[in-house]
Amino acid sequence: MEEELKCPVCGSLFREPIILPCSHNVCLPCARTIAVQTPESEQPNTECAAGGGGDHADKLSLHSETDSGYGSYTPSLKSPNGVRVLPLVPAPPGAAAAAAPRGAGPASSSLTCPQCHRSASLDQRGLRGFQRNRLLEAIVQRYQQGRAAAAAAAKCQLCDRSPPEPAAVLCEQCEVLYCAACQLRCHPARGPFAKHRLVPPPSHPGAPGGGDGGKGAGGGRKLPTCAEHDLENYSMYCVSCRSPVCYQCLEEGKHGKHDVKPLGAMWKQHKAQLSQALNGVSDKAKEAKEFLVQLKNLLQQIQENGLDYEACLVAQCDALVDALTRQKAKLLTKVTKEREHKLKVVWDQINHCTLKLRQSTGLMEYCLEVIKENDPSGFLQISDALIKRVQVSQEQWVKGALEPKVSAEFDLTLDSEPLLQSIHQLDFIQMKLAWFTFDPSSAHRDIVLSNDNQTATCNSYDDRVVLGTAAFSKGVHYWELHVDRYDNHPDPAFGIARINVVKDMMLGKDDKAWAMYVDNNRSWFMHCNSHTNRTEGGVSKGATVGVLLDLNKHNLTFYINGQQQGPPAFENIEGVFMPALSLNRNVQVTLHTGLEVPQCVKQPKLPNN
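Definitions and limits used
Residues numbered from 1 in each chain as written. Predicted model: local features only at pLDDT ≥ 70, side-chain atom pairs only at ≥ 80, totals over all residues. Heavy atoms only, no water. 1 Å grid on protein atoms, 1.4 Å probe; cavity = no way out; pocket = protein on both sides within 12 Å on 5 of 7 lines; lining within 4 Å. Points joined across faces, edges and corners; volume = space filled by probe spheres on them. Nonpolar A, V, L, I, M, F, W, Y, C, P; charged D, E, K, R; others polar. Helix = DSSP H or I, 4+ residues; strand = E, 2+ residues; numbered from the N terminus. Pairing = 2+ DSSP bridges. Phe/Tyr/Trp six-rings, centres within 6.5 Å; stacked < 30°, edge-to-face > 60°. Buried < 20%, exposed > 50% of the residue type's maximum accessible area, 1.4 Å probe, protein only. Axes fitted to C-alpha atoms, helices over the stretch in contact; angles between N-to-C directions. Core = buried A, V, L, I, M, F, W, Y, C linked by side-chain atoms within 4.5 Å. Expected span 1.5 Å × (residues − 1). Contact = heavy atoms within 4.5 Å. Patch = residues over 30% accessible without salt bridge, like charges linked within 9 Å, V, L, I, M, F, W, Y side chains within 5 Å. Areas by Shrake-Rupley, 256 points an atom, 1.4 Å probe, with all protein chains shown as cover. Salt bridge = Lys/Arg side-chain N within 4 Å of Asp/Glu carboxyl O. Polar contact = N/O pair within 3.5 Å; in protein donor to acceptor, adjacent residues only side chain to side chain. Lys, Arg positive; Asp, Glu negative; His and termini not counted.

Caption draft 1: Representation of empty space enclosed by the protein within the structure. Throughout the structure, instances matching the rule amount to two cavities of 30 Å³ or more. Looking at the largest cavity, its volume works out to about 50 Å³. As for the largest cavity, its lining consists of 12 residues, and the residues nearest its centre are L433, A434, H477, Y478 and L595. Split into classes, the residues belonging to the lining of the largest cavity amount to nine nonpolar, two polar and one charged. Taken together, F438, W479, L481, P579, A580, L581 and L591 make up the lining of the second largest cavity. Of all the secondary structure elements, the ones that give two or more residues to the lining of the second largest cavity are β17 (476-486) and β26 (578-583). Sort the elements by how many residues they give to the lining of the second largest cavity and β26 lands first, with three residues. For the lining of the second largest cavity, the residue count by class is seven nonpolar, no polar and no charged.

Following this line, the structure appears as structure tokens:
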């Protein structure tokens, strides 16, 4: 309320407030500051020019603006409230006694409202022609008394001293008043207190300031008198002029032909109108408070969703890095195999060539020794056989036999350009239809994926969790899971989860997952290990489970074979969610994504509690 009690010129609480014709208020001293004097020359008027010295500040005000018609104050100073004003001009010596010469035009004054900038001319009474706002003056007085009393009463609630020290701050969360010493000792700005908000001690400007304030608001205050007849109290209200009047104003005829009503009746009527208008403002204020609560909740949701989405983004990028690492290992394996193959071929060729070379060299040395012999008959006995052996040995060194079978170069070229382009183009999108698979990087180690990560089963008899590769924070999304195998009546669970859900137990047993688990006869909804809404109807081999995540309405609904299973399973869900599934080795399911949201569904089965 304090802003309503401040003058728009000086920025301080009102002092002797007057009501301008536009219904705005201004301090009387400030009104003298912003009044403007303009010359006129139509009719001489010595009475106005020879006004008393006490009226000089009210009537003349400030520097005049020549030939401006009326002065919109062209200021040289600025008030604390942003309104620019002119300095006061002192009254000239002898102004009270001096009379204006005949023929000289008197000064006409006007006042411009600092709020709406409407101009009002001053009559011969000057600023005294404006009514004093005694009601506002009384409220300001009560406000000052109440503020002083509240400031005096604000004492530290934790002081050991007697009397306690004056309070320096109030913690809005703890609702405790602290002096400076106790605040440093008991409420330091660190640890769990770091987020607490410390504000100045409260004041209660609307509260009456003890007996005096109550007295000032009641009959102890002097009744206001008529501005034109100082001895008459206001008793009637002129509807035409919208101002209270006295009986003498009516008798003199100024308001004689105006619509005049009793002051008390109009007081009650206007109070009723104001109360009715306040009801509308009160409703809007209530809506504004609720809206502020909504905005504060939105801040918290944005903070939580941002952290969730950051964690999800980190997980997705880590999954990309893991996939790239696995692919790098595969490519390195290919390079290793190629290298080992080339080395084997070369070593085989070395060994083969060495063996042939040894045989040829031995044959050559033997033939040379035979040629050295001088026994013709002995030579001729073996010469034919040696000639054939030499020819056969020569034929072994055919064309290409002395060329390497492999090259030292590796015929492997990694085409990384498309992947680099994809990485550079990686960005956030909100697809109308979401296509995703099971995520092998975040799945439990007992989960077994196949069919391009669209089919899932498990190696364990215990339930294990696997997430999808997509994360949703808005929009409507629908996907289905087809039951390929269902043995020994297990309880697979279908639903959604946070990125940090526990993966070694059934989906929905912790606070990070929302799920429906189902056997061959019935189903339940589960979150935080709380089982609700048992519904008849289960799954078997060939069944299809549908999951509808509506983040516009913030709810989650399940379907079995196209029929809604129970009521909407969960409502008021907020944040970032990933498709999730838990199963054991007795179940195998296949994921189907990119599906249109079902427009028409059958009536849901009623839960059997």
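Caption draft 2: How the structure looks around the pairing of strand β21 (residues 530-536). As judged from the five bridges shared by strand β20 (residues 522-527) and β21, these two strands associate in the antiparallel manner. What sits directly across from M526, in β21, is H531.

Caption draft 3: Local environment of the packing of aromatic side chains. As enumerated under the stated definition, the model contains eight aromatic pairs in all. Judged by centre distance (6.1 Å) and plane angle (75°), the rings of Y478 and Y559 are edge-to-face. Of this pair, Y478 sits in strand β17 while Y559 sits in strand β23 (residues 555-560), placing them 81 residues apart in sequence. Neither residue differs from the other here; Y478 and Y559 are each classed as buried. Taking the centre distance of 6.1 Å and the plane angle of 50° together, the rings of F525 and F570 count as tilted. Residue F525 is found in strand β20, and its partner F570 is found in strand β25 (residues 570-571); the two are separated by 45 residues along the sequence.

Caption draft 4: Spotlight on the sheet that holds β20. The sheet built from six strands is open, its strands ordered β16-β26-β18-β19-β20-β21 with antiparallel pairing. Unpaired on one side and paired on the other, β16 (464-467) and β21 mark the two borders of the sheet. Taken pair by pair, the neighbouring strands of this sheet meet at an average axis angle of 20°, ignoring direction.

Caption draft 5: A look at the nonpolar core. The biggest cluster of nonpolar side chains holds 38 residues, and the ones touching the most others in it are W479, L481, L549, L556, L581 and V589. When residues of this core are assigned to their parent elements, the largest contribution, four residues, is made by β17. In this structure, L5, L111, L127 and L136 belong to the second largest nonpolar core, which totals 25 residues.

Caption draft 6: Up close: helix α9 (residues 376-396). A rise of 1.5 Å per residue sets the reference length of α9, with its 21 residues, at 30 Å; its end C-alpha atoms lie 30 Å apart and thus fit the reference within 8%. Those residues of α9 lying buried are S383, L386 and S393. Its buried side turned inward, α9 meets α8 (263-372).

Caption draft 7: A look at a nonpolar patch on the surface. On the surface, F291, L292, L295, L298 and I302 cluster together to form a nonpolar patch covering roughly 450 Å² of accessible area. Mapped onto the elements of the fold, L292 is located in helix α8.

Caption draft 8: Structural view of the side chain of T590. Tracing the chain through its elements places T590 in strand β27 (residues 587-592). Looking at T590, its side chain comes within polar contact range of the side chain of T455, at 3.0 Å. Engagement of the side chain of T590 in a polar contact is seen with the side chain of D484, the distance being 2.4 Å. In this view, T590 contacts N451, Q454, T455, E480, L481, H482 and D484; residues no more than four positions away in its chain are not counted.

Caption draft 9: View of the side chain of K503. Counting through the fold element by element, K503 comes out in the loop between β18 (493-497) and β19 (513-518). In this structure K503 is buried but unpaired, with D439 as the nearest side chain of opposite charge at 8.0 Å. In contact with K503, not counting residues within four places along its chain, are S442, A443, H444, D463, R464, V465 and L467.

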